[in-house]
Amino acid sequence: MAGDEYITEQCNADINKGFPLLMKAYQQKVYWHIRRLVVSHEDAEDLLQDVFVKIYSRWDTFRGDSSLATWIYRIATNECLTFLNRQKIRMANEGGDANDMSNLLASSEYTEYGDKLVTALQEAVLKLPEMQRLVFNMRYYDNMSYQDIAQVTGSSTSAAKTNYHIAKGKVTEYVKQIF
């Protein structure tokens with residue numbers, strides 16, 4: 001697989017030739033980042049397409065101030081947050097609980113319900129406040145550094161660490177209650 005530096009060079013030389021390399025390198029990673037945030041496969045697929053359209057159309061804005069991965073994750077995260085905010089408004093207007101994504105998890109093929117621990121972990125993550133869920137997912141599942149998480153979320157490194165540790169504590173406590 002091509003490295004970020006090579007992908008960036010290729011995209012800068014000719015976006016039409018370099019973009020397939022970028023998609024090959026990031027499509028699956030970004031899909032799962034999105035999927036963990038929005039749960040639904042269909043929503044994740046739609047958002048993934050929106051993210052890559054945005055990356056393609058805004059390639060000229062990538063200045064290299066951050067890593068390519070961080071820039072891509074920031075775009076994906078912003079798309080997810082916009083989607084989730086619209087979803088909360090829609091759910092509130094329909095009389096639903098805007099903060100309860102457990103029903104969405106239950107109606108999704110997202111996780112293997114035969115594995116009670118995996119299910120409990122995912123339920124716990126979905127109960128976290130948005131920023132804690134975002135930071136937890138990037139650190140736990142994507143193994144991102146706190147510095148990269150801070151760049152993606154537009155916060156400080158210490159805020160990313162704090163959010164992760166609080167989220168980790170809440171997830172641990174929730175899972176302990178189940179078992």
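Here the structure is shown first, and the text comes after it.
Caption draft 1: How the structure looks around unusual backbone geometry. You will see that Val-39, though not glycine, has its phi angle at about 70 degrees, which is positive. We classify Val-39 as buried; its relative accessible area is 0%.

Caption draft 2: Quick look at the packing of helix 3 (residues 41–57) against helix 4 (residues 68–93). At their nearest, the axes of helix 3 and helix 4 sit 10 Å apart, and the two run at 135 degrees to each other. By the angle between their directions, the pair helix 3 and helix 4 is classed as oblique. Considering how the two elements wind past one another, helix 3 and helix 4 form a crossing that is right-handed. Here helix 3 contributes Asp-43, Leu-47, Asp-50, Val-51, Lys-54 and Ile-55 to the contact with helix 4, which in turn contributes Trp-71, Ile-72, Ile-75, Ala-76, Glu-79, Cys-80, Phe-83 and Gln-87.

Caption draft 3: Layout of the side chain of Ser-40. Within the secondary structure, Ser-40 sits in the loop between helix 2 (15–38) and helix 3. Note on Ser-40: relative accessible area 10%, which makes it buried.

Caption draft 4: Structural detail: the environment of Ile-55. With respect to the secondary-structure elements, Ile-55 resides in helix 3. Distance from Ile-55 to Phe-19, taken between C-alpha atoms, is 9.0 Å for residues 36 residues apart in sequence. Once residues lying within four places of it in the same chain are set aside, the contact partners of Ile-55 are Phe-19, Leu-22, Trp-71, Ile-72 and Ile-75.

Caption draft 5: Spotlight on a nonpolar patch on the surface. A cluster of nonpolar side chains, namely Leu-117, Ile-178 and Phe-179, defines an oily patch on the protein surface of about 290 Å² accessible area. Relative to the elements of secondary structure, Phe-179 occurs in the segment after helix 9 (157–178). Taking the relative accessible area as the measure of exposure, Phe-179 reaches 54% and is therefore exposed.

Caption draft 6: Representation of the nonpolar core. Among the nonpolar cores identified, the biggest contains 48 residues, and Leu-22, Val-30, Ile-34, Val-38, Ile-55, Trp-59 and Leu-68 are the most heavily contacted of them. In contact with Trp-59, not counting residues within four places along its chain, are Thr-8, Cys-11, Asn-12, Ile-15, Leu-22, Leu-68 and Trp-71.

Caption draft 7: Just helix 6 (residues 116–127), in detail. Here helix 6 contains 12 residues, and its C-alpha end-to-end distance of 16 Å stays within 8% of the 16 Å for a straight helix at 1.5 Å per residue. Of the residues making up helix 6, those classed as buried are Thr-119, Ala-120, Leu-121, Gln-122, Ala-124, Val-125 and Leu-126.

Caption draft 8: Main features of the environment of Ala-124. Note that Ala-124 resides in helix 6. With a relative accessible area of 4%, Ala-124 lands in the buried category. Along the backbone, Ala-124 and Val-171 are 47 residues apart, and their C-alpha atoms lie at a distance of 5.2 Å. If sequence neighbours within four positions are ignored, Ala-124 has contacts with Val-171 and Tyr-174.

Caption draft 9: Representation of the side chain of Gln-132 in the model. Counting through the fold element by element, Gln-132 comes out in helix 7 (residues 130–141). With a relative accessible area of 10%, Gln-132 lands in the buried category. Those residues in contact with Gln-132, other than ones at most four positions away along the chain, are Asn-163, Ile-166, Ala-167 and Lys-170.

Caption draft 10: The packing of aromatic side chains, seen in detail. Under the criterion given, the structure shown has 10 aromatic pairs. Measuring from centroid to centroid gives 5.1 Å for Tyr-31 and Trp-32, while their planes differ by 85 degrees, and the two rings are edge-to-face. Judged by relative accessible area, Tyr-31 falls into the buried class, the value being 8%. Between Phe-62 and Trp-71, the ring centres sit 5.0 Å apart and the planes meet at 45 degrees, which makes this aromatic pair tilted. A relative accessible area of 14% places Phe-62 in the buried class. Among the aromatic residues, ring-to-ring pairing joins Phe-136, Tyr-140, Tyr-141, Tyr-146 and Tyr-164 into one connected group. A cation sits over an aromatic face here: Lys-29 above Tyr-26, 5.2 Å from the ring centre. Across from the ring centre of Tyr-146, 4.1 Å away, lies the NZ or CZ of Arg-139, which sits over that ring.

So, how was this worked out
- Residues numbered from 1 in each chain as written.
- Predicted model: local features only at pLDDT ≥ 70, side-chain atom pairs only at ≥ 80, totals over all residues.
- Heavy atoms only, no water.
- Buried < 20%, exposed > 50% of the residue type's maximum accessible area, 1.4 Å probe, protein only.
- Axes fitted to C-alpha atoms, helices over the stretch in contact; angles between N-to-C directions.
- Helix = DSSP H or I, 4+ residues; strand = E, 2+ residues; numbered from the N terminus.
- Parallel < 35°, antiparallel > 145°, perpendicular 65-115°, else oblique.
- Left-handed = near helix turned anticlockwise from the far one by under 90°.
- Contact = heavy atoms within 4.5 Å.
- Patch = residues over 30% accessible without salt bridge, like charges linked within 9 Å, V, L, I, M, F, W, Y side chains within 5 Å.
- Areas by Shrake-Rupley, 256 points an atom, 1.4 Å probe, with all protein chains shown as cover.
- Salt bridge = Lys/Arg side-chain N within 4 Å of Asp/Glu carboxyl O.
- Core = buried A, V, L, I, M, F, W, Y, C linked by side-chain atoms within 4.5 Å.
- Expected span 1.5 Å × (residues − 1).
- Phe/Tyr/Trp six-rings, centres within 6.5 Å; stacked < 30°, edge-to-face > 60°.
- Lys NZ or Arg CZ within 6 Å of the ring centre and 35° of its normal.

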